[in-house]
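Secondary and tertiary structure notes
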Amino acid sequence: MGENWSEKKSGCGIFNAVFGKRNFWHRRSSSTGSLQIHNNNNNVRTASSNTKRRRSSGSDEASFFNSSVNGPEARAKPCTKQSPNNPKIPAVHQQNQVRKRPDEATRITPNQGYVKPGRRVPKEAVSISGDLERMIVDHQKTKGNGNLVRASSSNVMLYGNLGNLRQPGGGKTKSYNVLDQLPKTAKEEILTPNGKYSNSVMGNVVKKPVDEKRADEQPASLCRALSTRMDPETLKIMGNEDYKNGNFAEALALYEAAIAIDPNKASYRSNKSAALAALGRILEAVFECREAIRIEPQYHRAHHRLANLYLRLGEVENAIYHYKHAGLEADRDDIAKAKSLQAHLNKCTEAKRLRDWNSLLKETDSTINAGADSAPQIYALKAEALLKLHRHQEADEALLEGPNFNVEDCTKYFGPIGNAILLVVRTQVDMAAGRFDEALAAIQRAVRLDSNNKEANSVMRKARAVAAARSNGNELFKASKFSEACVVYSEGLDHDPHNSVLLCNRAACLSKLGHYEKAIQDCTHALNVRPGYSKARLRRADCYSKLGKWEASIQDYDLLQKQTPDNEEVKRGLSEAQMQLKKLHAW
C-alpha cells in the first residue's frame, strides 16, 4: 500500500510531509472535512470567486521521509504552463509571510508539484488518516492534551501549528514550529544551510526562534510514529532504541503500533513481551510470547524469553520445556538454574504439608532468591506462614513485595481455582491489616471463581462476622455505649482472636470504662502482631499516663514521635509525661 501511495502523491510541504495531504487553497470539488478559519487580522484572504485557477499542493509524509532515509524520491507531477489570459495567482496577505515573485510561485521543485483540482483522495490515504486520528484520540484520552486536532478529511494537525493562522481568541498565543515534532533527520532534510525555510516549499509556516521553549511538548514517540507513516519495521527499530535507553513504556507503544499494522510478525510480539516484562507486567509478557511462538514455532529467541518468564513465575517444567526448544539461545546454566529452583519448590510443598511454618518461611525466601521473583503463589505461601506465626505486619509487607497482577490476568493464567487460592490469602492479610472492605470484596470474588473451595467459604464467613463486629461496635462506641461496644468487639475476636483492629477498639472501650490495665493488655496484643500500629501504641501510652507509669508512657511516645513527627497529640502527651516524671524525681 505504501508503494502505491508514493506513486500517486507528490509535493514537499512540511505540513504535508508530517501530517498527510493538506490543501490551504479552496478546491472546486467537495471535501469531507475542512479547516474552520476565524475572522481576524491573520486570516488568509483568498481570491474572488471568479478566479478560474487555484493553486494546490499535495504531499505525503511517506514521500518526504522515504527521500531522506532509504526510499526513492517521489515523482514530481508535470506542470502545464499558465495561459496569458488566465488570471494571476492571488496574493496572500499575512503579517509574517515573505512575498514571492510570480516566477517563484509557479516554480516546480523535485519534490513539489501541482495536482488537478477535484482530484480524489486515495483510499489508502483515508485509511492511514483514520489510524492516525485514532492514535491522536487515544493519546488525548490518556494524557488529557488537546493540542492535536483533526484538520481535514485526510490529515491531523497540531492546534497552534497552523503557520500564521492564530488560535481562536487572539492574544499573544505562541505559534509553535511544526519542525520540532519531527525527528532530527527530518529537520536536517528540510532546513536550508542558512537555517531559513524555502519560500517555494514552506508556504505560510513561520519559523520559531531558537531560544523559544515549548510550553507543552508532545511525546517524542507519538510524533516519531506519525512521521514514519506507520511503517511497522521502522516502528520496531524505534522501539528497540527506546528499549535500549530504558524507555520501556515508549518502546511498548511503538511495538503495539507495529503489531496493529502487521499482527502476524513474531518479532513484534516477542519485543513487546520484553517491554512488558521490563515494566513488571509478567503475565501479559507471557501471553505475547506465546503468541509469537504460535506464529513462528521455531522462533528460538521467543522460546528462550518465554522460558525465563516461566522461571520467574515458578513454572519450572514449562521453563525447562522451552529452554530445550530455544536452540543456541539456551545453555546448560539455564537448565541447572531451573532444576535448582525446582528443589526449593519441593521443599516449600513439604513444609506446608507438615505445617512447619518456620521452614516454609525460610524456603519461600530461598525460592524467591533462586529466580521465582514474580511468582504470586510463592509470596502467598510466605504471607500465609507469617500469618500462622502471628506476624501480621510482615505478612502484609510480603504481599506488597510480590507482583501486583491484574485479577483478570491472574484468572486467565492460573485459572479460576488457582486465582481463588491466591485471593483467599489476600483476604486474610487484608483482615489482619484492618482493610475489611477490601477483604470482603476479595473473598467474594474467590467464592465466585471456585464455589467448591471449602477454605474460601470458611474465610468468607469469618470475614463477614469480623467486619460486622467492627461496624456495630463502632456505632455503639459513638453512642457512648462503651460496655455494649466492648461486648460486640469481643464477639468479633471470638472469630479472629489476633485481629489488631478489634483489640485496639476494645481497648478504647476499656479505657473509657476505667479498666486501664486490661486496655494495656489489648494494645500490647495488637502491637505484637502489628508493631507499626500507631493507634494502638498511642492508646497504650495514654493508658500508661493515666496509671502514672510515666517511663513506659515516654517510651511509647518517643517511638510515636519518630513515626509521626508532626502529630500534635503525640507532642502534648510526651511533654506532659516528661514534666510529670521530672516532678516525680524532684520529690
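**A few points about the confidence of the model for the protein**
Confidence in the prediction of the protein, expressed as mean pLDDT, is 73, and 61% of residues score 70 or more. Contacts for the low-pLDDT stretch residues 1-129, under 50 throughout, to residues beyond four places or in other chains number 221 contacts. Note that residues 145-218 has pLDDT below 50 and, in this model, 163 contacts with residues that lie over four places away or in other chains.

**Quick word on the nonpolar core**
In terms of nonpolar packing, the biggest core is built from 42 residues, with Leu 283, Val 286, Leu 313, Tyr 323, Leu 341 and Tyr 413 touching the most fellow members. Secondary structure elements with two or more residues in this core: α10 (248-261), α11 (266-278), α12 (282-295), α13 (300-312), α14 (316-324), α15 (332-353), α17 (376-388) and α19 (407-432). A per-element tally of this core places α12 first, with 8 residues. Those residues in contact with Leu 341 that lie beyond four places of it in its chain are Leu 311, Gly 314, Val 316, Thr 367, Ala 370 and Ala 372. One finds Met 431, Leu 503, Ala 526 and Leu 527 within the second-largest nonpolar core, a separate group that totals 27 residues.

**Brief notes about the pattern of salt bridges**
Tallied over the full model, the rule gives 21 salt bridges. Close ionic contact of Glu 291 with Arg 294 constitutes a salt bridge, the shortest N to O distance being 2.5 Å. Taken as a pair, Glu 291 and Arg 294 lie in helix α12 at a separation of 3 residues, close to a single helical turn. By relative accessible area, which is 52% here, Arg 294 ends up exposed. A salt bridge links Arg 391 to Glu 394; the shortest N-O distance between them is 2.8 Å.

**Re the packing of aromatic side chains**
Applying the stated criterion across every chain, the model contains 3 aromatic pairs. Taken together, a centroid distance of 4.8 Å and an interplanar angle of 85° make the contact between Tyr 413 and Phe 414 edge-to-face. According to the relative accessible area criterion, Tyr 413 is buried, its value standing at 13%. Ring centres of Phe 477 and Phe 482 lie 5.2 Å apart, and the angle between their planes is 65°; on these two criteria the pair is classed as edge-to-face.

**Description of the packing of α12 against α19**
Following both chains from N to C, one finds α12 and α19 inclined at 55°, their axes separated by 10 Å at the closest point. It follows from the interaxial angle that α12 and α19 lie oblique. As α12 runs across α19, the sense of the crossing is left-handed. Of α19, the residues touching α12 (which contributes Leu 283, Glu 284, Val 286, Phe 287 and Arg 290) are Asp 409, Cys 410, Lys 412, Tyr 413 and Phe 414.

What counts and how
Residues numbered from 1 in each chain as written. Predicted model: local features only at pLDDT ≥ 70, side-chain atom pairs only at ≥ 80, totals over all residues. Heavy atoms only, no water. pLDDT = per-residue confidence, 0-100. Contact = heavy atoms within 4.5 Å. Core = buried A, V, L, I, M, F, W, Y, C linked by side-chain atoms within 4.5 Å. Buried < 20%, exposed > 50% of the residue type's maximum accessible area, 1.4 Å probe, protein only. Helix = DSSP H or I, 4+ residues; strand = E, 2+ residues; numbered from the N terminus. Salt bridge = Lys/Arg side-chain N within 4 Å of Asp/Glu carboxyl O. Phe/Tyr/Trp six-rings, centres within 6.5 Å; stacked < 30°, edge-to-face > 60°. Axes fitted to C-alpha atoms, helices over the stretch in contact; angles between N-to-C directions. Parallel < 35°, antiparallel > 145°, perpendicular 65-115°, else oblique. Left-handed = near helix turned anticlockwise from the far one by under 90°.

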